[in-house]
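An overview of the molecular structure
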Amino acid sequence: MAKYLLLFAIVIIICVFFNKISSKLGIPTLLVFILLGMFFGTDGIVKIPFNDYNFAEQICSIALIFIMFYGGFGTKWSEAKPAATKAVLLSSVGVVMTAAITGLFCHFILKMDLMEGLLIGAVISSTDAASVFSILRSKRLNLKYNTASLLEVESGSNDPFAYMLTLIVLKMMNGSISAGSIIYMLFAQIAYGIIFGVAIALASRYLLKKFKFSAAGFDAIFVLAIAVLSYAAPAALGGNGYLSVYIVGIILGNSKIKNKQSLVHFFDGITGLMQMLLFFLLGLLATPSLLPAVALPALAIVLFLTFIARPVSVFAVLTPFKSKLNQQLLVSWAGLRGAASIVFAVMAIINTQNTQHDIFHTIFFIVLFSILVQGSLIPFAAKKLNMIDENADVMKTFNDYTDEAPVQFIRFNIPASHAWNSKKIKDVMLPPETLIALLIRNGEKLIPNGDTVLKENDALILSARATGQINGVHLTEKRIGEKDAWNQKKVSELNQKDMLIIMIQRDGKVVIPRGDTLIKENDVLVINHYE
């Protein structure tokens, strides 16, 4: 056992090391993990024999649970909402179209059996969230027309539909399904996935708000268990566990819960580990010497998928929304295939013996090409298509506030002799560009206003420029649109019973608001919420 633990530790350390240098070399990080697995595999230098598809499928399925949960948890809904309708249609209708068109190509052009062609189409019909997120973050791709959020929601939510299509085709190939069974399977997959996802999310959100955990970190353990439950519960009844997981992630990630920022960091680490494990294991499972035999048909499929099937699906979905041509072209190119496709290919191998082609290595070749070629060229394509927005910040589409606002918090107590004692806040002369973000009185946290009278022993939390974090301060952002109810209103005119605007980001500058500060369109408000 010590040898296996030693190998596991060495692999993780190497993955972490290459994760640091891969972006500097211009190589997609996840591709490095796959190549590392191949290096350790049967045809590699280390030559570890590994061909247990059942074990690999179980481990990879568990890894996908956390990857999909964090895909939802890390997506900021306020940024994603304008693109949500288009993204959901891409992840459902677009996936079905991509699968069908690719399957027909495999049948009529490559002369594969129809069901086998449709199986390949279903397996590679979804785009990879881990790859898309990795490139958007590492390359800081600030895209126009809310395209980053569109890609995030689409790639995060389309795996459940690809999974569902794969199950249906497998059952049809095995002759164990009827038309009525297909209809019920579709209903069960979608309905149970949504119902369980919403119910588990709302229940867990309530517990996270009301229940006091006995020790720090137990809330992260609780949410980890919730992620597993949200997959297992609907899956046990024939529902789509991946859809449920993603919904739970979206709801919890965009709820006002305690210690959310620490939860983001926790699941960021867990998801990173799962991605390393998943891609390494898939690379270990592959036999590189078998790739040349599938290279020509796999290359034909990936070229057709990249230049015809994916663009046709994207244009069919986005054209009715009058999306810009350059946006549609970039979304078409950014349809990366990744780990989910290989996992579904493993699932296909386990559940059918009727295939005439090496589906696993065909899909493996497609994923390698997609990540290496498409992934590497996304930044280049974005620039050539004039899709870079210098005024945007892609990091604001993720639920991690630490990189977003230069705010510092200072705490001090008011003694009896202090000049502010017994004065109203509006009569206090605060330092320039400083605001009282929180007042703690007798252990109770209060959101102050101009008429709040300061008392002896009050603890004040002042906000000013810089970075920092303090217990009791829960920050969110709100971007003001043209039709927003707060647009063209003064801060003093807003109902701020349970929240306080502590900073405004306007035209690249930081504004510390006063009561007479006018809120304008495109302002980004940094708000402290009291719970």
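Residues numbered from 1 in each chain as written. Predicted model: local features only at pLDDT ≥ 70, side-chain atom pairs only at ≥ 80, totals over all residues. Heavy atoms only, no water.

Moving on, we get to the overall build of the protein chain. Looking only at helices and strands, one finds 16 helices and eight strands in the protein chain. Compactness check: the protein chain gives a C-alpha radius of gyration of 26 Å against a globular reference of 24 Å for 531 residues, within 12% of the reference. Each principal axis of the C-alpha distribution contributes one length, and for the protein chain these read about 85 × 60 × 50 Å. Looking at the protein chain as a whole, 54% of its 531 residues qualify as buried. The contacts in the protein chain between residues at least 6 apart in sequence include a share of 79% that link residues at least 24 apart. Here the protein chain has roughly 24,000 Å² of accessible surface; of this, 62% comes from carbon and sulfur atoms. Side-chain charges of the protein chain comprise 45 positive and 35 negative groups, with the mean position of each set lying 3 Å from the other. (Helix = DSSP H or I, 4+ residues; strand = E, 2+ residues; numbered from the N terminus. Rg over C-alpha atoms; globule rule 2.2 N^0.38 Å. Buried < 20%, exposed > 50% of the residue type's maximum accessible area, 1.4 Å probe, protein only. Contact = heavy atoms within 4.5 Å. Areas by Shrake-Rupley, 256 points an atom, 1.4 Å probe, with all protein chains shown as cover. Lys, Arg positive; Asp, Glu negative; His and termini not counted. Charge placed at Lys NZ, Arg CZ, Asp CG, Glu CD.)

Two faces belong to every sheet, and in a regular strand the side chains alternate between them. Of all seven residues making up strand β2 (residues 435-441), seven are buried, and the element is well covered by its neighbours. As paired elements, β2 and strand β3 (residues 444-446) share three bridges and run antiparallel to each other. In the sheet register, R441 faces β3, and the bridge partner there is E444. Linking two consecutive strands that pair antiparallel, namely β2 and β3, is a turn of two residues; a positive phi of about 55° is found at N442 within it. (Pairing = 2+ DSSP bridges.)

Running from amino to carboxyl end, helix α4 (residues 77-108) crosses helix α7 (residues 147-157) at an angle of 45°, the nearest separation of the two axes being 8 Å. In terms of orientation, α4 lies oblique with respect to α7. You can see that α4 and α7 cross each other, and the crossing is right-handed. For the pair α4 and α7, the contacting residues are E79, A80, A83, K86, A87, L90 and S91 in the first and S149, L150, V153, E154 and S157 in the second. The residue makeup of the contact of α4 with α7, split by class, is six nonpolar, three polar and three charged. (Axes fitted to C-alpha atoms, helices over the stretch in contact; angles between N-to-C directions. Parallel < 35°, antiparallel > 145°, perpendicular 65-115°, else oblique. Left-handed = near helix turned anticlockwise from the far one by under 90°. Nonpolar A, V, L, I, M, F, W, Y, C, P; charged D, E, K, R; others polar.)

With that settled, the discussion passes to the packing of α4 against helix α8 (residues 159-173). When two helices pack together, you describe them by how their axes are tilted relative to each other and by the distance separating the axes. α8 packs onto α4 with a crossing angle of 40° between their chain directions and a minimal axis gap of 9 Å. If you check the angle between α4 and α8, you find them oblique. Crossing of α4 against α8: the hand is right-handed. Contacts between α4 and α8 pair S91, S92, V95, V96 and A99 from the former with F161, A162 and L165 from the latter.

Considering all chains together, one arrives at 16 aromatic pairs under this definition. Ring centres 6.0 Å apart and planes at 40° place the aromatic pair F73 and F267 in the tilted group. Of this pair, F73 sits in helix α3 (residues 53-73) while F267 is found in helix α12 (residues 260-285), placing the two residues 194 residues apart along the sequence. A single burial state applies to F73 and to F267, both of which are buried. For the ring pair F187 and Y192, a centre distance of 6.1 Å and an interplane angle of 65° mean the geometry is edge-to-face. (Phe/Tyr/Trp six-rings, centres within 6.5 Å; stacked < 30°, edge-to-face > 60°.)

Here we take up a positive patch on the surface. A cluster of basic residues, K209, K210, K212, K256, K258 and K445, forms a positive patch at the surface. With respect to the helices and strands, K210 occurs in helix α9 (residues 179-210). When its relative accessible area of 62% is taken as the criterion, K210 is described as exposed. (Patch = residues over 30% accessible without salt bridge, like charges linked within 9 Å, V, L, I, M, F, W, Y side chains within 5 Å. Salt bridge = Lys/Arg side-chain N within 4 Å of Asp/Glu carboxyl O.)

Right, let's get into the confidence of the model for the protein chain. Scored by pLDDT, the protein chain comes out at a mean of 85, with 92% of its residues at no less than 70. The secondary-structure element of the protein chain with the lowest mean pLDDT is helix α1 (residues 2-25), recorded at 73, while helix α13 (residues 291-318) shows the highest, at 96. (pLDDT = per-residue confidence, 0-100.)

With that settled, the discussion passes to helix α5 (residues 114-123). Because the α-helix completes a turn every 3.6 residues, residues three or four places apart line up on one side. Within α5, eight of the 10 residues are buried, leaving the element largely enclosed by the surrounding structure. Taken together, the buried positions of α5 are occupied by M115, E116, G117, L119, I120, G121, A122 and V123. If you follow the buried residues of α5, they end up packed against α4, α8, α13, α15 (339-351) and α16 (359-384). Backbone nitrogen of M115 and a side-chain oxygen of the N-cap are separated by 3.1 Å at the start of α5; the cap is D113. (Polar contact = N/O pair within 3.5 Å; in protein donor to acceptor, adjacent residues only side chain to side chain.)

Moving on: the pairing of strand β8 (residues 524-529). Judged by how many residues are buried, β8 sits mostly within the fold: six of six residues are covered. Alternating positions in β8 separate into two faces, V524, V526 and N528 on one and L525, I527 and H529 on the other, with burial throughout.

Another point: the environment of I109. For I109, the position within the fold is in the loop between α4 and α5. You can call I109 exposed: its relative accessible area is 55%. Distance in space between the C-alpha atoms of I109 and A300 is 9.6 Å, their sequence separation being 191 residues.

This next bit is on the pattern of salt bridges. When charged atoms on two side chains of opposite charge get close, those side chains can pair. For the coordinates displayed, the defined rule picks out five salt bridges. The residue R441 makes a salt bridge to D458 at a minimum N-O spacing of 2.7 Å. With a gap of 17 residues between them, R441 in strand β2 and D458 in the loop between β3 and β4 (459-465) connect regions that are remote in the sequence. Here R441 matches D458 in class, with each residue buried.

Glancing now at the environment of D458. For D458, a relative accessible area of 1% corresponds to the buried category. D458 sits 16 residues away from N442 along the chain, and the two C-alpha atoms are 7.6 Å apart. Excluding residues that lie within four positions of it along the chain, D458 makes contacts with F412, N413, I414, L439, I440, R441 and V453. At a separation of 2.7 Å, a polar atom in the side chain of D458 contacts the side chain of R441. A distance of 2.7 Å separates the side chain of D458 from the backbone nitrogen of K455, its partner in a polar contact.

Although it is not a glycine, K47 sits at a positive phi angle of roughly 60°. With respect to the helices and strands, the residue K47 is situated in the loop between α2 (29-40) and α3. Take K47: its relative accessible area is 51%, and that puts it in the exposed class. Not every positive phi belongs to a glycine, and K111 is a case in point at roughly 60°.

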